[in-house]
Amino acid sequence: MLIPTIVTLAALLVLGSLFVSLWTERLWYGSVDFQGVFTTVLLTRSALFVVFALFGALVVGANVWLAHRNRPNPLGLRRDDPAARYRMAITPIAKWALIAVSAFVGFFSGIIGSSRWETFQLWRNGEPFGTKDPHFGKDVGFYVFDMPWLQFIVSFVFALLLISAIAVVFVHYVFGGIRLGNKGPSFSRAAQVQVAVLVGLAMLVRAANYWLDRYALSYDTSGLFDGITYTAANAEIPAKNILMVVAILCALMFFSTIFLRSWTLPALGLGLWFLTSLLIGAAWPAIMQQFQVNPSEPDREGPYLEKNIDGTREAFGVADVETADYSAKTELTPQELNASAESRVSTRLLDPTLISPAFQQLQQVRGYYTVQSTLDVDRYAIGDDPQPQDVIIAAREVDLDGLQSTQRTWSNDHTVYTHGYGVIAAYGNKRGSQGEPVWVAKDIPPTGELEFEKAPRIYFGEKSPSYSIVGRPDGANPIEVDTPRGGGSDEGDGTDGDSTANTYDGKGGVEMGSLFRQVLYAFKFAEPKIVLSDRVNSNSKIIYDRHPRDRVRKVAPWLTLDGDTYPAVVDGRVVWIVDGYTTSNSYPYSESRSLNEATSDTLTDGASQIALPTDQVNYMRNSVKAVVDAYDGTVKLYEWDTEDPILKTWSKVFPDVVEPKSEISESLLQHLRYPVDLFKVQRDVLSRYHVTNAQTFYEDGERWKIPEDPSASGNTKQPPYYLSMSRPGEEASRFSLTSVYLPNNRQNLASFMSVNSEASDTENYGKVQILELPSDTRVGGPNQIAAQFESDAGVRAALLQYEQSQNTRILRGNLLTLPVGGAMLYVQPIYIQRVGEGSYPVLQLITATFGDGVGVGQTLDEALRSALGLEPNATPPPEEPTPDGDAGGDAGGETKTAEQYLADASRFYDQAQAALEDGDLATYQARIDSMAEALEAAQRLLGE
């Protein structure tokens, strides 16, 4: 009685868990209005499970049943036969054994078939690419959509026939159809026919596999390059054709045993196939490669290498990349400097990887709020200025780890501290008088330049709790901690007693007022308090799967999602923007890339961004822009690449899930940008495929490499940087994503790569430009420039007081590279952080260089003029970092007096007047701003 009880309980547990999972998933999809996705996926997987399970069970079960049915008369079998003991054990339970074997094979066949639902849907709904492969002349859609499914079916059927053959041989052996003797095995007539037919069918499937293998060579990765090589075209493909014919002949020879009682023909056929596989399938290509191709490899492979170059560049969207020679001269006249002033001033200086502590300390408000360790870069039109400005932005999210241990109860974790509040944003190219960020949006309730439609509560974000239960009975007091009393102060113990309370009224979440649903979620989250707590009531909703990437992944499981999700304020609401990619690994002639290797860098190694999976892909498109509302969790998918056949195919599978590109509002368009992971993959591809000449590509002397990040420890790649810049020949400054290359075996700069990242600039968005420096250039690479900054006497003098102090740390920010005025400009911010709890880095100095000249100053303009020798002694004595905002901080240096600040103001005024006489309005404005800051500092000191 114990065994059936245990089995029954186990079955009930499995079925119960499956029911809870499916039902809660159904409720979740219904809450976001994507129930069609859940239904389509469930029906597709269920149908495939049933079809493959029935097929697998029938094929194996029927063969086992036939083998048992056609067994010899047991009276003629010897009792000392080695198989007798198996026969005696199986005979009483033969029927149940047949059912068990069939069910076992069917179950796993169903699981395997169900797991290929995406491959099936792509095959069933595939759209043509409109481009044909250069060898077979077939549409690329055949390779992307049809080949994966056909290869799966062939391998699945072959595996079933192999399992059937093994099972049939076993049954015939046990029941006497196959006997082992001194002269070898002997077969009964029924056993001989059945085994021969199964092997013959397997050979036919093998012939089909040879037919597919010819096309699979179009994206084969085993040669000198991916795709069809000279040897593949002239030996491997003909060999596959021959082997296909031989396999069919071999199958016919096995089928001949239906009429002939001899194994002679099948044995000859098998031997012929084996010999042909060895000589034609393996030896012939190897001999051709060794003696015909290798001695003249550049000439033989040249035409095929050209196809690989063209295919790779097309598949990764870099076929139209603009490459230009760039002299990168290091001497500028004052006129050239003035002409490029606008692009210099707009350069982003704040480092998103270093200023998170400043955001946290100055704008955290309460300990249970937090921001990401690496912030995001966006652009906003601020005030009356029509030109958008770079802005560093972060969502202020709830952080349960910031609560005191006495506050960590189930009720607090899941019903009180449910959401974050608002965004924190700062100008990317400005610093306060003490080096602190200059805010664009701050405080609770929010103040600043950004306007909100309603209170910007963050219920869905990157750091949200696993689940929260919101909603109160009618007339009940709210309990969710909302805005702290006293605005931005940080007094009190951080409990809900020091804050106003709120009750969620958004449409997000799953209603769970009924006892049935409460029980479901109690099982789902393994938490009985969901049923027992009085805080779960008839108006309650449960919010879960709250990370924007998780929500997009669930409603669009066919997308690969970018690792950098960023917040934006659109039409007065906080939203999260997620870039989605369609990918393939079967685009003909395209070089395969590991997404993980291509996208890993300093930020992903530090868990600031999510690295993409290890998938090998050879086609990639940013096909979808996804938007997740931070308050109600609404998910919107917008078509972005209107020409992508893979997106068109998935739109047939899930109609009305992806909205047309025309539905993107103008306000949202202002915040869409070129995705960083696509840029990283393209950067990885172009490190070699910037070369389009096959001979030069083969010689591999022009290969580039991505530099190591000089501001990070370890051998990690430097990440790309978002910033506003103007390309050579362009007057307007545009939001861009940039990176640099080094020659393969040197540390000097090889080229500068950028892409227009302004989605609102529909004509130029996504255009990649590479500025290639002469091979004999003396412009240093990032690590050389970083070393130059560290060893420069002027920089060391400016930092000496901080280096000598035990109370401060020097932090070097992201090293930005910019083409300016025909030259290559390097800019690096330097932050100073006081040692101790509650401190944060403040932007203290800017270093810049053109070639050999290094300059340092409190503004970029000062650093540039110092570097070029255009304005001697432009750098004033550095101010002290004072995180608390008071003049004359204690970061390790001496405090300035009011007289010194007044002297600075007088000097800045003189410099401003000189700049005005020269017509240099940018410098004039910068000096006036510096004068005003110095006067304010002096006034504060005099007031004290």
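In case you missed it, the structure is sitting above this.
In this report, we go over the structure that sits alongside the text. Everything numeric in this text was worked out from a predicted model, so none of it was measured. (Residues numbered from 1 in each chain as written. Predicted model: local features only at pLDDT ≥ 70, side-chain atom pairs only at ≥ 80, totals over all residues. Heavy atoms only, no water.)

Examining the overall build of the protein chain
Scanning the protein chain for helices and strands turns up 28 helices and 35 strands. Here the C-alpha coordinates of the protein chain stretch approximately 120 × 80 × 50 Å along the principal axes. Each of the 944 residues in the protein chain was classed as buried or not, and the buried ones make up 53%. Summarising the internal contacts of the protein chain: among those between residues at least 6 apart in sequence, 69% fall at separations of at least 24. (Helix = DSSP H or I, 4+ residues; strand = E, 2+ residues; numbered from the N terminus. Buried < 20%, exposed > 50% of the residue type's maximum accessible area, 1.4 Å probe, protein only. Contact = heavy atoms within 4.5 Å.)

A few points about the nonpolar core
Phe 359, Leu 450, Trp 558, Leu 637 and Phe 654 are the most contacted members of the largest nonpolar core, which totals 211 residues. The greatest single-element share of this core, amounting to 17 residues, is contributed by helix α6 (residues 140-174). Excluding anything up to four places from it in sequence, Phe 359 contacts Gln 364, Val 371, Leu 375, Ile 392, Ala 394, Ile 424, Ala 425, Ala 426, Pro 437 and Trp 439. Val 365, Tyr 368, Val 416 and Tyr 421 belong to the second-largest nonpolar core, a separate cluster that totals eleven residues. (Core = buried A, V, L, I, M, F, W, Y, C linked by side-chain atoms within 4.5 Å.)

Focus: the sheet that holds strand β17 (residues 541-544)
What the three strands build is an open sheet, ordered β13-β17-β16; its pairing is antiparallel. With partners counted over all chains shown, the strands left at the sheet margins are β13 (467-470) and β16 (510-511), one partner each. Pairing geometry for β13 and β17, over four bridges, is antiparallel. What sits directly across from Ser 468, in β17, is Ile 543. (Pairing = 2+ DSSP bridges.)

Re the pairing of strand β20 (residues 573-584)
Summarising burial for β20: ten of the twelve residues are buried, a large majority. With two bridges connecting them, strand β18 (residues 560-561) and β20 associate as antiparallel partners. Across the sheet, residue Thr 560 finds its bridge partner in β20, namely Tyr 581. For strand β19 (residues 566-570) and β20, the ladder comprises five bridges, and the chain directions are antiparallel. Residue pairing for β20: Ala 568 is matched across the bridge by Val 575.

Examining the pairing of strand β32 (residues 816-820)
A large share of β32 lies buried, amounting to five of its five residues. The side-chain alternation of β32 yields two buried faces, one formed by Leu 816, Leu 818 and Val 820 and the other by Thr 817 and Pro 819. Two elements, β32 and strand β33 (residues 823-834), share five bridges in a ladder whose sense is antiparallel. Each bridged residue has a counterpart across the sheet, and for Pro 819 the counterpart in β33 is Met 824.

Some details on a nonpolar patch on the surface
Judged by side-chain polarity, Leu 201, Leu 204, Val 245, Ile 248, Leu 249 and Leu 252 come together as a nonpolar surface patch covering roughly 460 Å² of accessible area. Mapped by element, the contributors of at least two residues to the nonpolar patch are α7 (189-216) and α8 (230-255). Sort the elements by how many residues they give to the nonpolar patch and α8 lands first, with four residues. By the secondary structure assignment, Leu 249 is in helix α8. (Patch = residues over 30% accessible without salt bridge, like charges linked within 9 Å, V, L, I, M, F, W, Y side chains within 5 Å. Areas by Shrake-Rupley, 256 points an atom, 1.4 Å probe, with all protein chains shown as cover. Salt bridge = Lys/Arg side-chain N within 4 Å of Asp/Glu carboxyl O.)

Observations concerning helix α9 (residues 264-293)
The end-to-end C-alpha separation of α9 is 40 Å, in line with the 44 Å expected for 30 residues at 1.5 Å each. The sharpest bend along α9 comes to roughly 40°, located at Ala 283, with the proline Pro 285 sitting one to four residues further on. Buried within α9 are the following residues: Pro 266, Gly 269, Thr 276, Ser 277, Pro 285, Met 288 and Val 293. Packing partners of the buried residues in α9 comprise α7, α8 and α10 (297-315). (Expected span 1.5 Å × (residues − 1). Bend = angle between axes of the 7 residues up to and from the residue.)

Some points on the sheet that holds strand β11 (residues 447-448)
Spatially, the five strands line up as an open sheet ordered β5-β6-β9-β10-β11, and their pairing is antiparallel. Each edge of the open sheet carries a strand with a single partner, namely β5 (376-380) and β11. In this sheet, strand β10 (residues 439-442) lies alongside strand β9 (residues 423-427) in antiparallel orientation, the contact comprising two bridges. Across the sheet, Ala 425 pairs through a bridge with Ala 441, a residue of β10. Lying on the sheet, helix α13 (residues 356-363) is in contact with β6 (389-395), β9 and β10; it crosses β10 at an angle near 50°. (Axes fitted to C-alpha atoms, helices over the stretch in contact; angles between N-to-C directions.)

Notes on the pattern of salt bridges
Tallied over the entire structure, the rule returns 26 salt bridges. A salt bridge links Glu 314 to Arg 621; its shortest N-O distance comes to 3.9 Å. One end of the pair, Glu 314, is in helix α10; the other, Arg 621, is in strand β23 (residues 619-629), and 307 residues separate them in sequence. Owing to a relative accessible area of 15%, Arg 621 belongs among the buried residues under this scheme. Put simply, Asp 579 and Lys 625 hold a salt bridge, and the shortest N to O gap is 2.5 Å.

Quick word on the packing of helix α1 (residues 2-31) against helix α15 (residues 515-524)
Where α1 meets α15, the axes come as close as 10 Å, and the angle between the chain directions of the two elements is 115°. In this structure, the crossing between α1 and α15 has a hand that is left-handed. Packed against α1, whose contacting residues are Phe 19, Val 20, Trp 23, Thr 24, Glu 25 and Leu 27, the element α15 presents Phe 516, Arg 517, Leu 520, Tyr 521, Phe 523 and Lys 524 at the interface. Taken together, the residues of the contact of α1 with α15 break down into eight nonpolar, one polar and three charged. (Left-handed = near helix turned anticlockwise from the far one by under 90°. Nonpolar A, V, L, I, M, F, W, Y, C, P; charged D, E, K, R; others polar.)

Remember, this is a structural readout, not a statement about activity or role.
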